[in-house]
Amino acid sequence: MDWTALFLSLQLGALTVLFLLPLGVIAGRALAYRDFLGKGLAEALVALPLVLPPTVVGYYLLVLFGAASPIGRTWQALYGQPLVFSFEGLLLASLLFNLPFAVLPMQRGFEAIPRELRDAAACCGMSPWRVLRRVELPLAWPGILTASVLTFAHTLGEFGVVLMVGGNIPGETETIAISIYDRVQAFDAASAGKMSALLLFLSVVTIAVTFALSRRIGRKSS
Amino acid sequence: MTGLNVDLRQDAPIPLDARFACAPGEVLALVGPSGGGKSTILRIIAGLYRPRAGRVSVDDEIWLDSAKGIAVAPHRRAAGIVFQSYALFPHMSAIGNISAALENLPSLKRRQRAEELLRLVNLGGLGDRRPSELSGGQQQRVAVARALAREPRVLLLDEPFSAVDRRTRERLYRELAIMRRRLSMPVVLVTHDLTEALMLADSLCLLHRGRTLQHGRPLDVMQRPATVEAARLVGQRNVFTGTVVKQDSDSGHTIIDWSGHRIEAASAPRFRTGDAVAWLVPQSKVLLHRRDRPSRGTKENPVSGVISEHVLLGDITVSVLEVEGRDDLAITFQVPAHVADRNRLGAGEHASVSLLAQAIHLMPVPDEPESIERL
């Protein structure tokens, strides 16, 4: 059992969820309620990682973060180390390829709130910020929960992008998915089996908890 | 001027050309067909929709003045609104919904005030229930309590009775009629139901395609519409054209010629002899002559003909009388079913009626004469 890889994966998943939650709320809400120039393009860009092969996403991120790109060069100048093949680079890639898993469920969650409810909240004297806290977030909660779970689970399982951007550096970029692949390559079926079983168990528990929670919330609000 | 003053103009996307005022304590009904812009006007007053040009003020407060670039945000306008769907927050209890509009108060006072309001709408003891655990009528009452919680400067009601059954609706009418005596702010009620407006409102503003056609006392607007278009909207079916023959100052009548019939109408001095006019007689002011016992009243604008249509609707009948020799002139009238029976009213039967002169109302002929034909 590769505990380092497991811990790294959990850490990557948690940080991705942490960063994407506020971002997803802002983007999902804007896509749900606002009309702006280029909205169609924005929606398409958010959904792109869903249809692109992970290796293609990984390739472009590798180019984007590489030493030849402005981002890569700036990073190198600021922190004295390359962005690619580092945990930070992996996290940044994870934020980008998880965008659709975070934004789309939240967008649906916000869209599901009838407009009259938001109007009624404003007419109750609530400021837009208060409306968000008291009405929109509690009602969009199932969408936000789904987004968090999907993002976390998807981060644990992502393979192609991680391999392209992060490489396979134990303790730095080697996630559990990659470690399993590594074990299989080394004919260590026992370790690969244990880690796969653990991932399976974690996934089942997460999904079950999510379903149970959203059912409870659904019962409360209907 | 005190109370609510509204003046709106816009060509697109929803055409608007509306102006009206509503005094403190007055209930104004905005009436018109669906899609006529009634709810949009309510949303503009609440600040939920911004028109291209317009002005909305309440007492000395200006909420919207497009010429001066003023548009107060909805949460800063003290406008209480009851939506057609009630729009209660499903994740909060009844008390929670009302308290949501009281967040300016300290929490202890908030709960107290919310409970007071709940008792005001006769829902004491149901405060902990969620909207899904309340009936339609109870939900409407919570919505009213929530709208009143902020002590609004204006109360806006958007078809608040359309989602409940008839019995509940009648009870809610009574409750609103009682409660309105305590309300000191202007109340705007949007409805497409004229009877509702007649029962609950002090004044009625008739709205069509975003344009205010007429504003006045509900009964006046309904029985004396200013134009043929307004007459059509308030459901007047007996609208015809004629020519003024004489202004008879002795009898206090305006005499018109209606395709060869001499009709005495309520005095309408603004029309001159020879003017073409449109005229109407409300269905309730068409009196059937009794077959067995002709009375003195039969001399008042008598019209006879053949019944071309006779429909029983519960305990009343609606009949259409085709004027003798003129199949293009038809008068619709209603009588109780037993009266219809006694007088052997039925399709194909001869009948005569009187059109009550004082109820005959004259209007200018519209620019498009076919609008009369459509009636």
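Because the structure is predicted, anything quoted here is derived from the model rather than measured.

**Brief notes about the overall build of chain B**
Okay, step 1: Counting its secondary structure elements, chain B contains ten helices and 21 strands.
Okay, step 2: For chain B, the C-alpha atoms occupy an extent of roughly 75 × 50 × 35 Å along the three principal directions.
Okay, step 3: For chain B, the residues scored as buried account for 51% of the 375 residues in total.
Okay, step 4: In chain B, of all internal contacts separated by at least 6 residues, the share reaching a separation of at least 24 is 65%.
Okay, step 5: Just so you have it, chain B exposes about 17,600 Å², and 48% of that area is on carbon and sulfur atoms.
Okay, step 6: The average position of the 49 basic charges and that of the 43 acidic charges among the side chains of chain B differ by 6 Å.

**Thoughts on the sheet that holds strand S17 (residues 302-313) of chain B**
Residues and elements named next belong to chain B.
Okay, step 1: Strands sit in the order S16-S20-S17-S18-S19 across an open sheet of five strands; the sheet is antiparallel. Each having just a single partner strand, strand S16 (286-288) and strand S19 (330-336) make up the two edges of the open sheet. The mean angle between the axes of side-by-side strands here comes to 45°, regardless of whether they run parallel or antiparallel.
Okay, step 2: In the sheet, strand S18 (residues 316-323) pairs with S19 via seven bridges, with the strands oriented antiparallel. If you follow Leu321 over to S19, its bridge partner there is Ile331.

**Remarks on the interface of chain A and chain B**
Okay, step 1: Facing 21 residues of chain A, the contacting portion of chain B comprises 22 residues.
Okay, step 2: Contact between chain A and chain B buries roughly 1,900 Å² in total, counting both sides, with carbon and sulfur atoms accounting for 60%.
Okay, step 3: Contact with chain B buries surface across chain A, with Glu116, Cys123 and Cys124 of chain A losing the most and accounting together for 31% of the total.
Okay, step 4: There are three salt bridges connecting chain A and chain B.
Okay, step 5: Close ionic contact of Arg134 of chain A with Glu103 of chain B constitutes a salt bridge, the shortest N to O distance being 2.6 Å.
Okay, step 6: Counting across the interface, chain A meets chain B through six residue pairs in polar contact (both at pLDDT 80 or more).
Okay, step 7: Among the secondary structure elements, those contributing two or more residues to the side of chain A that touches chain B are helix H7 (115-123), helix H8 (128-157) and helix H11 (189-221) of chain A.
Okay, step 8: The element best represented in the side of chain A that touches chain B is H7 of chain A, accounting for eight residues.
Okay, step 9: Class assignment of the residues belonging to the side of chain A that touches chain B gives a composition of eleven nonpolar, four polar and six charged.

**Quick look at helix H3 (residues 54-65) of chain A**
Count 3.6 residues to each turn of an α-helix, and residues three or four apart come out pointing the same way.
Residue and element names in this part refer to chain A.
Okay, step 1: Relative to the 16 Å expected for twelve residues at 1.5 Å per residue, H3 spans 16 Å between its end C-alpha atoms, a close match to the ideal helical length.
Okay, step 2: Of the residues making up H3, those classed as buried are Val57, Gly58, Leu61 and Phe65. Buried positions in H3, seen along its axis, are confined to an arc of 100° and lie on one side of it.
Okay, step 3: The inward-facing, buried residues of H3 abut helix H4 (70-79), helix H5 (87-97) and helix H9 (160-166).

**Section: the sheet that holds strand S13 (residues 253-258) of chain B**
All names here are of chain B.
Okay, step 1: Pairing within the open sheet is antiparallel, and its five strands lie in the order S14-S13-S12-S15-S21. Looking at the sheet topology across the chains shown, the edges are occupied by strand S14 (261-266) and strand S21 (361-364). In this sheet, neighbouring strand axes are inclined to one another by 50° on average, regardless of whether the strands run parallel or antiparallel.

**Thoughts on the domain arrangement of chain B**
Okay, step 1: Under the domain assignment, chain B is made up of domain 1 (4-232) and domain 2 (282-355).
Okay, step 2: Its C-alpha centre places domain 1 of chain B at a distance of 41 Å from the equivalent point of domain 2 of chain B.

**Overview of unusual backbone geometry**
Residue and element names in this part refer to chain B.
Okay, step 1: Put simply, Ala12 and Pro13 share a cis peptide bond, and its omega is -5°.
Okay, step 2: Phi angles above zero are rare outside glycine, and Asp59 is one such case at about 50°.
Okay, step 3: In this structure, Asp59 sits in the loop between strand S4 (53-58) and strand S5 (61-65).
Okay, step 4: At Asn301, a position not held by glycine, the phi torsion is positive, near 40°.
Okay, step 5: Looking at the secondary structure, you find Asn301 in the loop between S16 and S17.

Calculation rules
- Residues numbered from 1 in each chain as written.
- Chains lettered and ligands numbered in written order.
- Predicted model: local features only at pLDDT ≥ 70, side-chain atom pairs only at ≥ 80, totals over all residues.
- Heavy atoms only, no water.
- Helix = DSSP H or I, 4+ residues; strand = E, 2+ residues; numbered from the N terminus.
- Buried < 20%, exposed > 50% of the residue type's maximum accessible area, 1.4 Å probe, protein only.
- Contact = heavy atoms within 4.5 Å.
- Areas by Shrake-Rupley, 256 points an atom, 1.4 Å probe, with all protein chains shown as cover.
- Lys, Arg positive; Asp, Glu negative; His and termini not counted.
- Charge placed at Lys NZ, Arg CZ, Asp CG, Glu CD.
- Pairing = 2+ DSSP bridges.
- Axes fitted to C-alpha atoms, helices over the stretch in contact; angles between N-to-C directions.
- Buried area = accessible area lost by both parts, 1.4 Å probe.
- Salt bridge = Lys/Arg side-chain N within 4 Å of Asp/Glu carboxyl O.
- Polar contact = N/O pair within 3.5 Å; in protein donor to acceptor, adjacent residues only side chain to side chain.
- Nonpolar A, V, L, I, M, F, W, Y, C, P; charged D, E, K, R; others polar.
- Expected span 1.5 Å × (residues − 1).
- Arc of directions from axis to C-beta.
- Domains from an automatic or database assignment.

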